[in-house]
Amino acid sequence: ARPGLGQPGPVLAGHQALRGRVVSSSGSQARVEVDLLDQQPAHGQVLLRFPERAPAPGLRVAAFGMARPTWEVVLPGELDPALEARTVGVRSSMVVQEWVALSPLGPVSRPFELAEHEGLLEGLALGRRERVPEATRELLRLTGTQHLLAVSGLHVGLVGGLAGALASWLLRGLVLMRRERLARALPVLVGVLVALAFAWSVGWPLSSRRACWMLGGALIGTASGRGARPWSLLGAAATAIALGDPAAPRSLSFLLSFGAVVGMLQVTPQVERLLPPDASRVLLWPVRSLAATLGATLGTLPVVAWVFQDLPVSAPLANLVAVPLLGAVALPSALAARTG
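This one's a predicted model, so the numbers in the text were calculated from it and none came from an experiment. (Residues numbered from 1 in each chain as written. Predicted model: local features only at pLDDT ≥ 70, side-chain atom pairs only at ≥ 80, totals over all residues. Heavy atoms only, no water.)

Moving on: the pattern of salt bridges. In the structure shown here, the tally under the stated rule is 6 salt bridges. Where Arg 141 meets Glu 138, a salt bridge forms, and the shortest distance between an N and an O atom there is 2.6 Å. Here the residue Arg 141 and the residue Glu 138 both occupy positions in helix α4 (residues 134–143), the gap between them amounting to 3 residues, near one helical turn. Note on Glu 138: relative accessible area 32%, which makes it partly exposed. (Salt bridge = Lys/Arg side-chain N within 4 Å of Asp/Glu carboxyl O. Helix = DSSP H or I, 4+ residues; strand = E, 2+ residues; numbered from the N terminus. Buried < 20%, exposed > 50% of the residue type's maximum accessible area, 1.4 Å probe, protein only.)

Structure representation (structure tokens):
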């Protein structure tokens with residue numbers, strides 16, 4: 001029922017100029033929520049086909065191009081962006097000839113402009129992949145670490161967790177004033193709000209939406225004393241995303257994001273059970289990291305095998321090194337640099 005509540009997209013013909021916000025992107029195609037069409041206010045979504053890689057979700061763009069039939073024949077089983085677009089009322093598509101990225105107040109900011117690896121830093125901290133060199137993309141693909149360029153639970157959890165921890169430290173005085181419940185609830189609220197603000201600032205990609213729903217549910221459950229059940233949180237996140245964007249469950253990002261978490265929730269506990277109860281932290285950390293990477297790899301394997309026909313066998317070892325370096329060094333530094 002949800003798509004029926006939305007306004008159908010405009011019908012295009014001939015050469016058109018439009019402006020709007022990227023809702024989702026896959027390869028060279030993107031769905032754009034239009035707000036201006038040939039200098040006239042407009043509403044609804046249009047499917048744009050870019051000459052190269054499409055811009056990231058959340059980015060505002062102005063584009064000029066030629067309208068064309070929206071639907072094309074695809075191979076059996078192939079992901080079909082047009083089918084995804086029809087679900088949300090898209091009625092036209094356009095082949096983009098020229099386009100420029102915008103922000104609400106002008107050109108998109110470039111916080112890492114002076115850095116040698118500007119494109120990679122933008123991908124790690126902001127989820128923008130437009131300026132990541134092709135050689136770097138290929139290296140990440142071959143090592144199974146391309147997921148580091150997606151704003152996911154690692155980013156959202158780090159930002160929300162740090163904000164909550166800082167708020168908890170600043171509000172310790174409430175305990176002395178016998179306001180224990182307030183002292184527990186306020187840091188949770190701060191952590192959730194900061195995580196939501198961060199996800200919104202990078203364009204609200206699907207992986208960040210999943211992470212925000214799960215993080216918010218976990219923090220609220222912990223603060224209320226009810227605890228947090230990962231499978232229930234994952235189901236609630238999937239339901240919320242599907243209600244907000246009915247086309248999402250067909251998308252590649254949904255399948256990969258939720259498949260990775262399902263794999264981790266299923267495999268990691270099984271591996272941890274093999275460890276002795278008195279195992280040292282020196283042993284626990286690498287085993288848990290390998291188990292999580294193995295679970296994520298197995299969880300996404302059906303989709304990766306079907307769509308990409310590729311499996312990087314070095315992914316568990318590469319992620320064992322890359323993920324801690326990203327979480328402990330690269331991501332906090334990049335987020336700090338982003339603020340100037």
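Before going further, it helps to examine the pairing of strand β6 (residues 93–102). Pairing of strand β4 (residues 45–49) with β6 involves 3 bridges; the strand directions are parallel. In the sheet register, Leu 48 faces β6, and the bridge partner there is Met 94. As paired strands, strand β5 (residues 60–68) and β6 are joined by 9 bridges and run antiparallel to one another. Note on β6: the bridge partner recorded for Phe 64 is Glu 98. (Pairing = 2+ DSSP bridges.)

Examined against the element boundaries, Arg 210 turns out to sit in helix α8 (residues 206–223). Buried and unpaired, Arg 210 has Asp 245 as its nearest opposite-charge partner, separated by 14 Å. Polar contacts involving the side chain of Arg 210 include one to the side chain of Ser 257, which spans 2.6 Å. Excluding residues within four positions of it along the chain, Arg 210 makes contact with Ser 152, Gly 153, Leu 234, Ala 237, Ile 241, Ser 257, Phe 258 and Val 261. (Lys, Arg positive; Asp, Glu negative; His and termini not counted. Polar contact = N/O pair within 3.5 Å; in protein donor to acceptor, adjacent residues only side chain to side chain. Contact = heavy atoms within 4.5 Å.)

A few words now on a nonpolar patch on the surface. A cluster of nonpolar residues, Leu 189, Leu 193, Leu 196, Trp 200 and Trp 204, forms a patch on the protein surface that exposes about 540 Å² of accessible area. Among the secondary structure elements, Leu 193 is positioned in helix α7 (residues 180–201). (Patch = residues over 30% accessible without salt bridge, like charges linked within 9 Å, V, L, I, M, F, W, Y side chains within 5 Å. Areas by Shrake-Rupley, 256 points an atom, 1.4 Å probe, with all protein chains shown as cover.)

This part takes up helix α10 (residues 252–272). Compared with an ideal rise of 1.5 Å per residue, which puts 21 residues at 30 Å, α10 spans 30 Å between its outermost C-alpha atoms and is within 8% of the ideal. When we look at burial in α10, the residues that qualify are Leu 252, Phe 254, Ser 257, Phe 258, Gly 259, Ala 260, Val 261, Gly 263, Val 267 and Thr 268. Its buried side turned inward, α10 meets α8, α9 (230–244) and α11 (281–307). (Expected span 1.5 Å × (residues − 1).)

The analysis is restricted to geometry; functional conclusions fall outside its scope.
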